[in-house]
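Observations on the three-dimensional arrangement
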Amino acid sequence: MTFYGTELSSRLMLGTAQYPSPDILAGAVRAAQAGVVTVSLRRESAGERAGQAFWSLISDLGVPVLPNTAGCHTPREAVTTAQMAREVFNTDWIKLEVIGEQDTLQPDVFGLVEAARILTEDGFKVFPYTTEDLVVAERLLRAGCEVLMPWGAPIGSGKGLNNVFGLRAMRAHFPDVPLVVDAGIGRPSHATQAMELGYDAVLINTAVAQAGDPVGMARAFRLAVESGLAAREADPMDERDMAAPSTPVLGLARFA
Amino acid sequence: MRITVNDEPRDVTGDTLSVVLDELGYGAARVATALDGLFVPVSRRATASVTDGARLEILAPMQGG
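Chain B appears in an unreviewed UniProt entry as Sulfur carrier protein ThiS from Ameyamaea chiangmaiensis.

Identification of chain A as Thiazole synthase from Ameyamaea chiangmaiensis is taken from an unreviewed UniProt entry. Word for word, the UniProt comment on chain A under Function (unreviewed entry) is "Catalyzes the rearrangement of 1-deoxy-D-xylulose 5-phosphate (DXP) to produce the thiazole phosphate moiety of thiamine. Sulfur is provided by the thiocarboxylate moiety of the carrier protein ThiS. In vitro, sulfur can be provided by H(2)S." One UniProt comment on chain A, placed under Catalytic activity (unreviewed entry), says "[ThiS sulfur-carrier protein]-C-terminal-Gly-aminoethanethioate + 2-iminoacetate + 1-deoxy-D-xylulose 5-phosphate = [ThiS sulfur-carrier protein]-C-terminal Gly-Gly + 2-[(2R,5Z)-2-carboxy-4-methylthiazol-5(2H)-ylidene]ethyl phosphate + 2 H2O + H(+)".

It is worth spelling out the sheet that holds strand β6 (residues 93-96) of chain A at this point. All names here are of chain A. Taken in spatial order, the three strands line up as β6-β9-β10 in an open sheet, and their pairing is parallel. Strands with a single pairing partner mark the edges of an open sheet, and in this sheet they are β6 and β10 (149-150). Pairing analysis gives four bridges linking β6 to strand β9 (residues 125-130), with the strands arranged parallel. Bridged to I94 within β9 is V126. Along the sheet, helix α4 (residues 109-121) contacts β6 and β9; its crossing angle with β9, the most-contacted strand, is approximately 175°.

All names here are of chain A. Mapped onto the elements of the fold, A31 is located in helix α1 (residues 22-32). Once the C-alpha coordinates of A31 and F3 are considered, the two residues, 28 residues apart in sequence, prove to be 22 Å apart. Contact partners of A31, with chain neighbours within four places excluded, come to V215, A218, R219 and R222.

Facing 30 residues of chain A, the contacting portion of chain B comprises 27 residues. With both sides pooled, the region where chain A packs onto chain B buries about 2400 Å², and carbon together with sulfur makes up 56% of that total. The largest share of the area that chain A buries against chain B comes from R43, M84 and E87 of chain A, three residues that together contribute 28% of it. Taken together, the links from chain A to chain B amount to three salt bridges. With a shortest N-O distance of 2.6 Å, R43 of chain A and E57 of chain B are connected by a salt bridge. Applying the counting rule to chain A against chain B returns 15 residue pairs in polar contact (both at pLDDT 80 or more). Elements supplying a minimum of two residues to the side of chain A that touches chain B: β4 (36-43), α2 (50-61) and α3 (75-89) of chain A. Broken down by element, the side of chain A that touches chain B gets its largest block of residues, seven residues, from α3 of chain A. Counted by class, the side of chain A that touches chain B contains ten nonpolar, twelve polar and eight charged residues.

Procedures and definitions
- All residue numbers refer to position in the chain's written sequence, counted from 1.
- Labels are handed out in written order, letters beginning with A for the chains and numbers beginning with 1 for the ligands.
- Reporting in this predicted model follows two pLDDT cut-offs: at least 70 for local features of residues, and 80 or more for side-chain atom pairs to be given and counted; totals over whole chains, interfaces and linings ignore these cut-offs and use all residues.
- Only hydrogens and water are set aside when side-chain values are computed; all heavy atoms of the structure are taken into account.
- UniProt positions are given in the numbering used here, feature names are shortened, and annotations may be inferred rather than shown by experiment.
- By definition, two strands form a pair when at least two bridges between them are found by DSSP.
- A run of DSSP states H or I qualifies as a helix once it reaches four residues; a run of E qualifies as a strand once it reaches two. Both are numbered from the N-terminal end.
- Any two residues having at least one pair of non-hydrogen atoms within 4.5 Å are treated as being in contact.
- Each axis is a line fitted through C-alpha atoms, and for a helix only the stretch in contact is used; angles between axes span 0 to 180 degrees, taken between their N-to-C directions.
- By buried area we mean the combined loss of accessible area, with a 1.4 Å probe, across both parts when two parts are placed together.
- What makes a salt bridge here is a side-chain nitrogen of Lys or Arg within 4 Å of a carboxyl oxygen of Asp or Glu, nothing more.
- Whenever two N or O atoms come within 3.5 Å, that pair is a polar contact, provided that in protein one can donate a hydrogen and the other can accept it, and provided that, for residues adjacent in sequence, both atoms are side-chain atoms.
- By the convention adopted, Pro, Cys, Tyr, Trp, Phe, Met, Ile, Leu, Val and Ala count as nonpolar, Lys, Arg, Asp and Glu as charged, and the other residues, Gly among them, as polar.

Structure representation (structure tokens):
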């Protein structure tokens, strides 16, 4: 699994927000064997130093970081945030979020394409948080994106894959583009389903961080991703509408 | 002079960004800065002028999804 020429150790990407404690976050990242962790930037007062402590925790984990532009509503905000993130986290990777609607946190796909173009021209490697819209996907690729991250369901909703048809169409339409289901995954079975559909990776945060036992859930997601990938590679059977006996009928005893 | 730091009014005396950051106590902290909405990289802090009424954003690493 490679993103922009960088080989990842795992197809499970893990968010770092909303954990009960830094120790539990670190435990979850290890249990997940996460290939990437997502991070963000926020205001910090000089005396606070929370950001410095967080940075040292993340550095110690030794997992590649993918900073986001969460909370940005315009291309301008997203571009400035990305520039600041590149310097602070020392990476040209950026998870580009341009939010268009407050209730669903649906991406503003018009602003997203514009910001992706500006950032790519500035040397960024853009991971756009997008919808499953194929036309938008095409525009993002044309803007220079080499990875697409469609939502499964609204961020933090835990609803899983809301539009399986759309996600399957996206996979079929872009067979060679790394695709990641980002947002909305609530349970390991959703992650397995995404991998079975042929997605290259999944990005999870709330489902792990807000579980009763985040470290246990991180392990469950690791197994789920592994399972879905193995299933995909093993070429699943086709569905059918009628029953077909799995036990041979030939040689069946007759008692009447 | 008075500037705004992360939306809070602050009185500072320095006239370049690097001096102002020291004055505010950020020293060697791992932070990124923007002046009046535009990113100012570390390499330009020593020459970036801070004027009365400037809006300074100082961002640090944070948990994110």
